[in-house]
Amino acid sequence: MLSTIPELSNPSVCMRDPQRVQEILQSMVKAGSNTLQVISDFDMTLTRFAYNGKRCPTCHNILDNSKLISSDCKEQLKELLNTYYPIEIDSTRSVEEKLPLMVEWWTKAHELLVQQKIKKDMLEVAVRESEAMLREGNQLFFNHLYEHSIPLLIFSAGIGDILEEVIRQAGVFHSNVKVFSNYMDFDETGLLKAFKGELIHIYNKREGALLNTGHFQELRTRPNVLLMGDSLGDLTMADGVQDMENILKIGYLNDKVEERKQSYLDSYDIVLVEDETLEVPNAVLLYLTGNK
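Okay, so let's go over this structure. Fair warning: this is a prediction, and the values are worked out from it, not measured in the lab. (Residues numbered from 1 in each chain as written. Predicted model: local features only at pLDDT ≥ 70, side-chain atom pairs only at ≥ 80, totals over all residues. Heavy atoms only, no water.)

Here we take up the state of the cysteines. Evaluation of the coordinates by the stated rule reveals zero disulfides. Free of any disulfide, Cys59 has its nearest cysteine sulfur in Cys56, 12 Å distant. Note on Cys59: relative accessible area 1%, which makes it buried. (Disulfide = S-S within 2.5 Å. Buried < 20%, exposed > 50% of the residue type's maximum accessible area, 1.4 Å probe, protein only.)

Before going further, it helps to examine the pairing of strand 2 (residues 36–40). Most of strand 2 sits out of view: five of its five residues are buried. Neither face of strand 2 is exposed, since Leu36, Val38 and Ser40 on one face and Gln37 and Ile39 on the opposite face are all buried. Taken together, the five bridges between strand 2 and strand 9 (residues 224–229) define a ladder with parallel strand orientation. Residue pairing across strands places Ile39 opposite Leu227, the latter belonging to strand 9. Looking at chain direction, strand 2 and strand 5 (residues 152–159) are connected through three bridges and run parallel. What sits directly across from Ile39, in strand 5, is Leu153. (Helix = DSSP H or I, 4+ residues; strand = E, 2+ residues; numbered from the N terminus. Pairing = 2+ DSSP bridges.)

Here we come to the side chain of Asn246. Mapped onto the secondary structure, Asn246 falls in strand 10 (residues 246–253). Of note is the side chain of Asn246, whose polar atom sits 2.8 Å from the side chain of Asn224. (Polar contact = N/O pair within 3.5 Å; in protein donor to acceptor, adjacent residues only side chain to side chain.)

So, on to the sheet that holds strand 10. Taken in spatial order, the seven strands line up as 1-11-10-9-2-5-6 in an open sheet, and their pairing is mixed. Both outer strands of the open sheet, strand 1 (13–14) and strand 6 (177–182), are each paired with one neighbouring strand and no more. Note: strand 1 against strand 11 (residues 270–273), two bridges, orientation antiparallel. What sits directly across from Val13, in strand 11, is Leu272. Packed onto the sheet, helix 6 (residues 138–147) meets strand 2, strand 5, strand 6 and strand 9 and runs at close to 135° relative to strand 5. (Contact = heavy atoms within 4.5 Å. Axes fitted to C-alpha atoms, helices over the stretch in contact; angles between N-to-C directions.)

Below, the discussion takes up the packing of aromatic side chains. Overall, the coordinates contain five aromatic pairs when judged by the stated rule. Here Trp105 and Trp106 contribute two aromatic rings whose centre-to-centre distance is 4.7 Å and whose plane-to-plane angle is 10°, an arrangement assigned as stacked. By the burial criterion, Trp105 is buried, and Trp106 matches it. A connected cluster of aromatic rings, assembled from ring pairs, spans Tyr84, Trp105 and Trp106. Between the NZ or CZ atom of Arg135 and the centre of the ring of Tyr252, over which it lies, the distance is 3.7 Å. (Phe/Tyr/Trp six-rings, centres within 6.5 Å; stacked < 30°, edge-to-face > 60°. Lys NZ or Arg CZ within 6 Å of the ring centre and 35° of its normal.)

Our next topic: the environment of Cys59. Within the secondary structure, Cys59 sits in helix 2 (residues 59–64). For the pair Cys59 and Leu140, spaced 81 residues apart in sequence, the C-alpha to C-alpha distance is 22 Å. Setting aside chain neighbours within four positions, we find Cys59 in contact with Phe42, Asp43, Gly158, Ile159, Ile162 and Leu163.

Phi is positive for Asn52, close to 50°, though the residue is something other than glycine. By secondary structure assignment, the location of Asn52 is in the loop between strand 3 (50–51) and strand 4 (54–55). Judged by relative accessible area, which is 69%, Asn52 ranks as exposed. A positive phi angle, close to 45°, is found at Glu274, a residue other than glycine.

On to the pattern of salt bridges, then. Tallied over the entire structure, the rule returns 12 salt bridges. For the salt bridge of Lys108 with Glu104, the shortest nitrogen-to-oxygen distance reads 3.8 Å. Here Glu104 and Lys108 lie together in helix 4 (residues 95–114), a separation of four residues that amounts to about one turn. Linking Glu164 and Arg168 is a salt bridge whose minimum nitrogen-to-oxygen distance equals 3.5 Å. Highlighted residues: Glu164 and Arg168, both in helix 7 (residues 160–169), separated by four residues, approximately one helical turn. Put simply, Asp90, Arg93 and Glu97 are held in one network by salt bridges that share partners. (Salt bridge = Lys/Arg side-chain N within 4 Å of Asp/Glu carboxyl O.)

Two elements, strand 7 (residues 184–186) and strand 8 (residues 192–195), share three bridges in a ladder whose sense is antiparallel. The residue bridging Met184 from the neighbouring strand is Phe195, located in strand 8.

With that out of the way, let us pick up the packing of helix 1 (residues 18–31) against helix 11 (residues 279–288). For any two helices packed against each other, the geometry is given by the interaxial angle and the distance between the axes. Packing of helix 1 against helix 11 brings their axes to within 9 Å, and their N-to-C directions diverge by 45°. Viewed along their axes, helix 1 and helix 11 adopt a mutual orientation that is oblique. Residues Leu25, Gln26, Met28 and Val29 of helix 1 form the contact with helix 11, whose own contacting residues are Val284, Tyr287 and Leu288. When its residues are assigned to classes, the contact of helix 1 with helix 11 shows six nonpolar, one polar and no charged. (Parallel < 35°, antiparallel > 145°, perpendicular 65-115°, else oblique. Nonpolar A, V, L, I, M, F, W, Y, C, P; charged D, E, K, R; others polar.)

Spelled out as structure tokens, the structure:
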């Protein structure tokens, strides 16, 4: 059983239905890697959740923790986090109930950031000085997808400008990577004046996916999807994919393991518990590309 990918027997790997995983993988291998696309979340999926026992920053945290923001603003952002994050991960509340509250959170956070007169050219420094880290194995992951011309679509409720800077500084921002996120809008002097377009938050990535069906249009010939996320909201990211044939969902369960494990096992094909690496996705990719 799944002996072709030994990494799937890592202690961090949980599967509700290993047989089903095997069938999806076999079907995808048969179709060939030129029919594959990867759709992934960013914060705490492609980036580490923690390092040496300390939480790693998300795209928003990179700004929150940087010198670009006043201590007063930091306090207000922290209050927002303490108010809304417990709601986001509360497994007793429905998505419908959480939705308006999440929109409220991000909207307030973005308004606070706009007041900070952030300069575009300071973002690079903020990322460089931060403790943001892509997961171990990121070079193999990004480079392998690029070498095999497999599109990587990143959907993020974070800040696109920061996200791009993180992968740029890691040296893995290749031409096959497309990012759908919240982008900053700078005026002609390079000062942040607003955020562009519709707000993308944890529970509307589906709309983000559907709004960007133009991008999916060119991926019509890639009906096989490897989806990676760390929240149940990430499961709708592939909803814009037309004529999908197979989807393999890999979920990172980073914290609150016991209370969330069952819902993750019910939703994701492969659940990675407190795993800070890309070892399993890399092994799956190598298998799907014939280990080339």
